[in-house]
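# Working through the structure, step by step
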Amino acid sequence: MKTIITQTYQSPVGELLLGVFGDQLCLCDWKYRKMRQAIDQRIQSGLNAAYQEGSHPVLEKAVVQLNEYFNSERKTFDLPLHFVGSVFQKSVWNALVQIPFGETKSYLALSQQLQNPDAIRAVASANGANAISIIVPCHRIIGSDGSLVGYAGGLEAKKKLLRLEGIQQFSKPGQIQLFN
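Residues numbered from 1 in each chain as written. Predicted model: local features only at pLDDT ≥ 70, side-chain atom pairs only at ≥ 80, totals over all residues. Heavy atoms only, no water.

If you check an unreviewed UniProt entry, the protein chain appears there as Methylated-DNA--protein-cysteine methyltransferase from Algoriphagus ornithinivorans. Quoted verbatim from the Sequence similarities (unreviewed entry) field of the UniProt record, the comment on the protein chain reads "Belongs to the MGMT family." (UniProt positions renumbered as here; feature names shortened; annotations may be inferred.)

## Notes on the UniProt feature "domain: Methylguanine DNA methyltransferase ribonuclease-like" (unreviewed entry) in the protein chain
Mapped onto this structure's residue numbering, the UniProt feature "domain: Methylguanine DNA methyltransferase ribonuclease-like" (unreviewed entry) falls at residues 6-82. The straight-line gap between the two end C-alpha atoms of residues 6-82 is 14 Å; of that span, 34% is helix and 34% is strand. (Helix = DSSP H or I, 4+ residues; strand = E, 2+ residues; numbered from the N terminus.)

## Let's talk about the side chain of glutamate 165
Looking at where glutamate 165 falls in the secondary structure, it is placed in the loop between α6 (155-164) and β7 (169-172). Engagement of the side chain of glutamate 165 in a polar contact is seen with the side chain of tyrosine 69, the distance being 2.6 Å. Among all residues touching glutamate 165, those that are not within four sequence positions of it are Tyr69, Phe101, Gly102, His139 and Arg140. (Polar contact = N/O pair within 3.5 Å; in protein donor to acceptor, adjacent residues only side chain to side chain. Contact = heavy atoms within 4.5 Å.)

## Quick look at the pairing of strand β3 (residues 24-30)
A regular strand places its side chains on the two faces of the sheet in alternate fashion. Counting buried residues in β3 gives 6 out of 7 residues, a clear majority hidden from the surface. Bridge analysis of strand β2 (residues 14-21) against β3 gives 6 bridges, and the strand direction is antiparallel. The partner of phenylalanine 21 across the bridge, within β3, is glutamine 24. Between β2 and β3, which follow one another and run antiparallel, lie 2 residues, and glycine 22 among them has a positive phi close to 55°. (Buried < 20%, exposed > 50% of the residue type's maximum accessible area, 1.4 Å probe, protein only. Pairing = 2+ DSSP bridges.)

## Re the side chain of serine 147
Among the structural elements, serine 147 can be located in the loop between β6 (141-142) and α6. At 2.6 Å, the side chain of serine 147 and the side chain of aspartate 145 are in polar contact.

## Points about the packing of aromatic side chains
Across all of its chains, the model carries 5 aromatic pairs by this definition. Here tyrosine 69 and phenylalanine 77 contribute two aromatic rings whose centre-to-centre distance is 5.5 Å and whose plane-to-plane angle is 40°, an arrangement assigned as tilted. On the accessibility criterion, tyrosine 69 (1% relative accessible area) is buried. Cluster of aromatic residues (ring-pair linked, three or more members): Tyr69, Phe70, Phe77 and Phe101. (Phe/Tyr/Trp six-rings, centres within 6.5 Å; stacked < 30°, edge-to-face > 60°.)

## Some thoughts on the environment of serine 106
Summarising the element assignment, serine 106 is placed in strand β5 (residues 105-106). Given a relative accessible area of 15%, serine 106 falls into the buried group. Along the backbone, serine 106 and phenylalanine 83 are 23 residues apart, and their C-alpha atoms lie at a distance of 22 Å. Excluding its chain neighbours within four sequence positions, the residues that come into contact with serine 106 are Ile141, Ile142, Gly143 and Ser144.

## What to know about unusual backbone geometry
Despite not being glycine, asparagine 48 shows a phi value in the positive range, around 50°. Within the fold, asparagine 48 resides in the loop between α1 (36-47) and β4 (49-53). Notably, serine 72 is not glycine yet its phi reads approximately 60°, a positive angle. Within the secondary structure, serine 72 is located in the loop between α2 (57-70) and α3 (87-97).

Next up, the structure:
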């Protein structure tokens, strides 16, 4: 069996599990998310590989770039990525990578971009199955009304990531909420 080399990264917004397979990052995900077991099973079976803690140059580069991001020194990531999922999921994740730093998009806008405006729930599901958080910026997806919606790392982490990117205003249905 092949190996996915993993290590833990303590970010300012929560602990992440990083993984590399074949010199590509395949995992940067919230260590304590609800779907942890399902995500791990999908990645390991999809790659026919098992997790093993260790170090790797791609993991070291990911840590450096994540640190730069959290220190407001990096707006884009330059890492080789390996997506493990369906063709549809990969199309969603590739679309997420194209959302610029400091911008948000709704599930509806993302499904329209993918030329499938009726696939809002499928887009939301693929977004939730993203195993390369932050680098594949699923935190930049918000509700059509501007509200914060579910996030694997929790809404507080999502809020902090968006604040880091300069986004300060969110809507709740029927009202505008500003936070400090």
